[in-house]
Amino acid sequence: MKYLIFLLFILDKSKITNTFVNKFHKKKFFFYGMKSKFNEPSKKELKINNNELKENNLLGTFDYKILGYLKKKSSKKYVIINKKNKKIYDIHNIKKKIKNNKIISISPGGIQGFYFMGIMSFIKKNYDLENIIFTGASAGAWISLFSSYKYNITDFVDDILDYDFTNIKSIMELQVSFKNKILNNYNYTDFNLENIFIGVTVLKGFELSTNIFYNFENLEDAIDCCIASSHIPFLTGGIINKYNNEISFDGGFSNSPYLENNNTIFNINPSLWNKKGEKIDFIDYHELSMNSNHNFTKLYIKGYNNAKKHRSDLDNIFL
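We now turn to the structure provided with this report. These numbers come from a predicted model, not from an experiment.

**Here's the deal with the overall build of the protein chain**
In step 1: Counting its secondary structure elements, the protein chain contains 14 helices and 11 strands.
In step 2: Here the protein chain holds 319 residues, and the buried ones make up 57% of them.
In step 3: Sequence separation of at least 24 residues holds for 77% of the intrachain contacts in the protein chain that already meet a minimum separation of 6.
In step 4: As presented, the protein chain carries roughly 15300 Å² of accessible surface, and 48% of it is formed by carbon and sulfur atoms.

Here you go:
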């Protein structure tokens, strides 16, 4: 029944009007996407009135018990898909192919992706990443693509940040803008696309499972996969997104959105180098929205400087 409730709400766009979305945009809301195992947040963590949620019919999409139930049922239900060769592998098959590679994984994070980009810029400038595989979901999918760029990473960063974000109203609009800019200025051979593995949550019947895609057909295909991996109905823009002929959702909806193996050497996430040492399990709703308070260049610089500050830690990993 929970599967049905979830599916019907997603497919019925009449449930939410533009007026309501604008109203909800002003509220503090947290979206699960950080941990491999689900923990239902406390009332204090949510910081949102449960009665208000019920009044506004939001529980059909964002009820944590439903998402937790779906994630539990989708645990270990994933395949790895070679897009160019149209072949499907399980994790045991792919481990043989990547046994000599090390892995950097990048978590979901909303607009904190710009902070992640700063961290990866410092790493790419200072360490040899020739034998590295990048895997990510949601914002982490985009940073995996960014990390696979072959040439001067500063030029690529300048292209991304040199953009007027004033009129961008949703994460989807932002992603489409990036897609157009990248396709207009770069081509397939500028990236090591065979070295990125992107997790996308897909709906199969009434169950969620994870497809991890790699070896993309072309640059546009890889970008479309990043968009699919970042799709949260209504929150990031739009209702239904399809990739590889399947209804697709944010990789954070799954328990296993990354390529997991014992040779993962580094994970980039919002808790990385947290001063207080606490684990951040939820993304502030505002990390999924576009507003004038966001300074993407500032987030990038913060990530770069934080990586620089922790260079000794990074030396122990990459040298």
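From this point, the narrative continues.
**Looking at the state of the cysteines**
In step 1: The final tally for this structure, using the stated rule, is zero disulfides.
In step 2: Cysteine Cys225 is unpaired, with the sulfur of Cys226 as its nearest cysteine sulfur at 6.2 Å.

**Notes on the environment of Asn269**
In step 1: By the secondary structure assignment, Asn269 is in the loop between strand 10 (264–268) and strand 11 (282–284).
In step 2: Taking the C-alpha atoms as reference, Asn269 lies 7.2 Å from Gly109; in sequence the two are 160 residues apart.
In step 3: What Asn269 contacts, discounting residues up to four positions off in sequence, is Ser107 and Phe116.
In step 4: Polar side-chain contacts of Asn269 include one of 2.8 Å to the backbone nitrogen of Ser271.

**A word on helix 8 (residues 113–126)**
In step 1: When the terminal C-alpha atoms of helix 8 are compared, their 20 Å separation across 14 residues agrees well with the 20 Å that a helix rising 1.5 Å per residue should span.
In step 2: Within helix 8, 11 of the 14 residues are buried, leaving the element largely enclosed by the surrounding structure.

**Remarks on the pattern of salt bridges**
In step 1: One pass over the structure, following the stated rule, counts six salt bridges.
In step 2: With a shortest N-O distance of 2.8 Å, Asp221 and Lys83 are connected by a salt bridge. Taken as a pair, Asp221 in helix 12 (residues 219–229) and Lys83 in the loop between strand 2 (78–82) and strand 3 (87–89) lie far apart in primary sequence, 138 residues in all.
In step 3: By relative accessible area, which is 9% here, Asp221 ends up buried.
In step 4: Of the residues examined, Lys83 reaches a relative accessible area of 7% and is grouped as buried.
In step 5: Residues participating in the shared-partner salt-bridge network are Lys83, Lys86, Glu217 and Asp221.

**Side note on the pairing of strand 9 (residues 246–249)**
Each regular strand displays side chains that alternate between the two surfaces of the sheet.
In step 1: One ladder, built from two bridges, connects strand 6 (residues 196–204) with strand 9; its direction is antiparallel. Paired with Thr201 across the two strands is Phe249, which belongs to strand 9.
In step 2: Bridging between strand 8 (residues 242–243) and strand 9 involves two bridges; their strand directions are antiparallel. The partner of Tyr243 across the bridge, within strand 9, is Glu246.

**What about the packing of aromatic side chains?**
In step 1: Inspection of the entire model under this criterion finds 20 aromatic pairs.
In step 2: Between Tyr127 and Phe318 the ring centres are 5.3 Å apart and the planes differ by 35 degrees, which places this aromatic pair in the tilted class. Note that Tyr127 is positioned in the loop between helix 8 and strand 5 (132–136) and Phe318 in helix 14 (residues 311–318), a separation of 191 residues in sequence.
In step 3: Relative accessible area serves as the criterion here: at 7%, Tyr127 is assigned to the buried category.
In step 4: Taking the centre distance of 6.2 Å and the plane angle of 70 degrees together, the rings of Tyr186 and Phe191 count as edge-to-face.

Definitions and cut-offs
Residues numbered from 1 in each chain as written. Predicted model: local features only at pLDDT ≥ 70, side-chain atom pairs only at ≥ 80, totals over all residues. Heavy atoms only, no water. Helix = DSSP H or I, 4+ residues; strand = E, 2+ residues; numbered from the N terminus. Buried < 20%, exposed > 50% of the residue type's maximum accessible area, 1.4 Å probe, protein only. Contact = heavy atoms within 4.5 Å. Areas by Shrake-Rupley, 256 points an atom, 1.4 Å probe, with all protein chains shown as cover. Disulfide = S-S within 2.5 Å. Polar contact = N/O pair within 3.5 Å; in protein donor to acceptor, adjacent residues only side chain to side chain. Expected span 1.5 Å × (residues − 1). Salt bridge = Lys/Arg side-chain N within 4 Å of Asp/Glu carboxyl O. Pairing = 2+ DSSP bridges. Phe/Tyr/Trp six-rings, centres within 6.5 Å; stacked < 30°, edge-to-face > 60°.

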